[in-house]
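# Report on the structure
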Amino acid sequence: LEFRRVLFRSGAYLGKFQTTAYCNCSQCCPGGHKLTYSGTVPTANHTISADINRFPIGTQLMIGDTIYTVEDIGT
């Protein structure tokens, strides 16, 4: 777990959030890739999960220098 600064694409600071990571490789997910809540295959440096009441599916957020897209749900 780590804490990251999260920015909207416009650069507005949204606060400090706790982040986690998950893997969808065949070793971690026997039987193949698991789909996200939105129906996509998670992609490194692209897919993130979020509380969709705050950041709806499709929201793009900049974390560090990378722009991620909300494709999965979280708390």
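Residues numbered from 1 in each chain as written. Predicted model: local features only at pLDDT ≥ 70, side-chain atom pairs only at ≥ 80, totals over all residues. Heavy atoms only, no water.

A separate point is the confidence of the model for the chain. The pLDDT averaged across the chain works out to 76; a share of 69% of its residues lies at or above 70. Across the chain, the element-wise mean pLDDT spans from 50 in strand β1 (residues 2–8) up to 89 in strand β5 (residues 66–73). (pLDDT = per-residue confidence, 0-100. Helix = DSSP H or I, 4+ residues; strand = E, 2+ residues; numbered from the N terminus.)

All right, on to a nonpolar patch on the surface then. On the surface, a cluster of nonpolar side chains totalling about 350 Å² of accessible area is made up of Y37, I52, I57 and I73. You can see Y37 is positioned in the loop between β2 (13–19) and β3 (47–50). (Patch = residues over 30% accessible without salt bridge, like charges linked within 9 Å, V, L, I, M, F, W, Y side chains within 5 Å. Areas by Shrake-Rupley, 256 points an atom, 1.4 Å probe, with all protein chains shown as cover. Salt bridge = Lys/Arg side-chain N within 4 Å of Asp/Glu carboxyl O.)

Listed in full, the eight residues of the largest apolar core are L14, I48, A50, F55, L61, I63, Y68 and V70. When contributions to this core are tallied by element, the ones reaching two or more residues are β3, β4 (60–63) and β5. (Core = buried A, V, L, I, M, F, W, Y, C linked by side-chain atoms within 4.5 Å. Buried < 20%, exposed > 50% of the residue type's maximum accessible area, 1.4 Å probe, protein only.)

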